[in-house]
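# Observations on the three-dimensional arrangement
Residue-level listing of the chains:
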Amino acid sequence: MPDHVLSVFGLLGFFALWRYGWWITHAVRAVLYLRIVYPRICRRARGSERISSVEGIHVVVASYNIPASDFAVVYRALFSNILESKIPGKVVASVTSASDEAVLRQVYNDMGRPEAIQCIVQFQTGEGKRQALGKALRALRSRCMTGRTVVALLDGDVLLEPMALARCIALLSSDPELCAVTANNSAVVKGSAALKAWYELKHANRHLNMCSLSLSGRLLVLTGRFSVVRTEDALDDDFIAAVESDYIDHWRMGRIRCITGDDKSTWYHLMRRGRRMLYVPDAMAVSLEASASNSSFVQTTSRLMMRWYGNMLRANVKAIMLPPWRIGVFTWWCILDQRLSVWTALTGPVTALVLAFSGFFIAIPAYILWTITVRCMMSLLVGTLHGHLNILWPWMMIYNQIWGAMIKIHLVFHLDTQGWRHQGFSRATSGQPLVAVSSGFLQVAALLSFLVLVTGLAGLHPVEPGSFAEVEWLFLQLMTGLHLPGPM
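Presented here is a report on the structure given in the accompanying data block.

Cut-offs and rules
Residues numbered from 1 in each chain as written. Predicted model: local features only at pLDDT ≥ 70, side-chain atom pairs only at ≥ 80, totals over all residues. Heavy atoms only, no water. Axes fitted to C-alpha atoms, helices over the stretch in contact; angles between N-to-C directions. Helix = DSSP H or I, 4+ residues; strand = E, 2+ residues; numbered from the N terminus. Parallel < 35°, antiparallel > 145°, perpendicular 65-115°, else oblique. Left-handed = near helix turned anticlockwise from the far one by under 90°. Contact = heavy atoms within 4.5 Å. Pairing = 2+ DSSP bridges. Salt bridge = Lys/Arg side-chain N within 4 Å of Asp/Glu carboxyl O. Buried < 20%, exposed > 50% of the residue type's maximum accessible area, 1.4 Å probe, protein only. Polar contact = N/O pair within 3.5 Å; in protein donor to acceptor, adjacent residues only side chain to side chain. Core = buried A, V, L, I, M, F, W, Y, C linked by side-chain atoms within 4.5 Å. Phe/Tyr/Trp six-rings, centres within 6.5 Å; stacked < 30°, edge-to-face > 60°. Lys NZ or Arg CZ within 6 Å of the ring centre and 35° of its normal.

### With respect to the packing of helix α14 (residues 363-386) against helix α15 (residues 393-412)
Pairs of packed helices are described in terms of their axes, by the angle between the two and the distance that separates them. Put simply, α14 and α15 touch, their axes get as near as 8 Å, and they point 115 degrees apart. Classified by the angle their axes make, α14 and α15 are roughly perpendicular. Read as a crossing pair, α14 and α15 show a hand that is right-handed. Contacts from Y367, T371, I372, R375, C376, M378, S379, V382, G383 and H386 in α14 reach W393, P394, W395, M397, I398 and Q401 in α15.

Shown next as structure tokens:
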């Protein structure tokens, strides 16, 4: 076997140890949280004497062009959850039309106009979800006392399963140091079998990662689908400002206004203050998802990944600068891995292709066999933790790894590209005609540097130590977007 092939196996072994070792670490931590830590938290939290210490629930619901049938189901489930908790609730419904208000009133009347629930209707002005949330939070602040109350943030297409709200409140009530909680997610998907499997895998992976992170009392997002925050934090001026007008300052693109990703903004605001957060795995929030009838599987999932990964990378720009001792070393390392995994996910397939081009053709089938075997094992473990397994998951994992990494690489150099799934994507910077050109140029340069770095590390071409160090430095500079000291 040629020496360069042995070098490649060494390279692949290193990255496999990194990627799969990191994944196994998350899996072990998730099991510890689910089987040992969370049951202890529940035993401490559950009980009427605990939940009664919360005196009021304030819920902000943001809806945008939700079908009337879904709108009614969502509010009926919300009102039922408030009544189940036996705590008075105030709901601020941010709606888009008079028909939404009529449906809301009908649901309220059908449930007997419960005295424990007060509804406030606000009409959105068309400025976006962030402004609608900010307006609703300000309305709450003018109408309620903070005291021992909580604020729930709920998307208008999310159905709360029974007791979801009560279980979240119980945790906040039992732990004065706990600032916010977020719930488990699932989805009712109107689409192909492949799209349903893709959503299932997304939520199963989310379940695993959230459990792992909660072991450290931190999260990487306060999911906008449904989260509950202490009122003194949610109605704070800085919290509302983060929701309404968050931004990042980029060294090349200037100031980028965050259009989407309000849940990342609220998370960063609380994380920066060192606040504790937890995941509630037995509180379920079900999103009502529908794909566009004229969109393929790849089109639909690509739009969603563009939004989700874009939000993640924009938040990462600020979060990676937080000191590890404030947010926890494990959490900080997870934030760093978000940046590194953009590239490490492609190391295996790129190396296999390079080997094949160099004449070692068996590298392609060997890599495919290895990938399928590992993804089957990962799917089995994820399914065991999630309580459900789909035969399509191994293929979805491979799709997410390769196509998802390519989307992330594009977004690393186009952080100003934002948008909602049904409204298209646009750029959030203006007055910078060279930004698009420089973004494309740097993306190509980073990909070429990545290829040179991988082939150099694998010993597929001779590289002088000095020039190799320069390539490494260039790649890290391009990959992180940070100004790093030059090579020695």
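### Some thoughts on the sheet that holds strand β6 (residues 178-190)
Read across the open sheet, the 8 strands follow the order β3-β2-β1-β4-β7-β6-β10-β5; overall the sheet is mixed. Each having just a single partner strand, β3 (117-123) and β5 (158-160) make up the two edges of the open sheet. Across the sheet, the axes of successive neighbouring strands diverge by a mean angle of 25 degrees, strand direction being ignored. As judged from the 12 bridges shared by β6 and strand β10 (residues 276-290), these two strands associate in the parallel manner.

### Considering the pattern of salt bridges
Opposite charge on two side chains lets them pair, provided their charged atoms get close. Evaluation of the coordinates by the stated rule reveals 15 salt bridges. A salt bridge links R225 to D157; the shortest N-O distance between them is 2.9 Å. Taken together, the residues span a long stretch of sequence, with R225 in the loop between α7 (193-214) and β7 (226-230) and D157 in the loop between β4 (149-155) and β5 at a distance of 68 residues. Residue R225 shares its accessibility class with D157, and that shared class is buried. Two residues, D246 and K318, come together in a salt bridge whose shortest N-O distance is 2.7 Å. Here K318 lies in helix α11 (residues 297-319) and D246 lies in the loop between α9 (237-245) and β8 (247-250), a separation of 72 residues in the sequence. The pair formed by D246 and K318 is uniform in burial state, with each residue classed as buried.

### What about the environment of N390?
Within the element layout of this structure, N390 appears in the loop between α14 and α15. C-alpha of N390 to C-alpha of L201: the two residues are 189 residues apart in sequence and 8.2 Å apart in space. Look past the residues within four positions of N390 in its chain and what remains in contact with it is A197 and E200. For N390, the side chain forms a polar contact with the main-chain nitrogen of L392, separated by 2.8 Å.

### Some details on unusual backbone geometry
The residue N65 is not glycine, and still its phi comes out positive at about 50 degrees. Within the secondary structure layout, N65 lies in the loop between β1 (56-62) and α3 (68-85).

### Examining the pairing of strand β9 (residues 254-257)
With 4 bridges connecting them, β8 and β9 associate as antiparallel partners. The residue of β9 that forms the bridge with H250 is G254. Between β8 and β9, which pair antiparallel and follow one another directly, the connecting turn spans 3 residues.

### What about the side chain of N81?
By the secondary structure assignment, N81 is in helix α3. Engagement of the side chain of N81 in a polar contact is seen with the backbone oxygen of L160, the distance being 3.5 Å. The residues contacting N81, other than those within four sequence positions of it, are L160, E161, P162, M163, A164 and L165.

### Things to note about the nonpolar core
Counting 139 residues, the largest nonpolar core has Y75, F226 and W267 as its most contacted members. Counting residues per element, this core draws most heavily on helix α13 (residues 329-357), which supplies 12 residues. Those residues within four positions of W267 in sequence are excluded, and the remaining contacts are L219, L220, V221, L222, M277, A315, A319 and I335.

### A closer look at the packing of aromatic side chains
Applying the stated criterion to the full structure yields 12 aromatic pairs. Note on W198 and Y199: the rings are 5.5 Å apart at their centroids and 85 degrees apart in plane angle, and the pair reads as edge-to-face. Both residues of the pair, W198 and Y199, belong to the buried class. An aromatic cluster of at least three residues, connected via ring pairs, comprises F71, Y75, F79 and Y108. K202 extends its terminal NZ or CZ atom over the ring of W308, reaching a point 4.5 Å from the ring centre. Lying over the aromatic face of Y247, R255 brings its terminal NZ or CZ to 3.8 Å of the ring centre.

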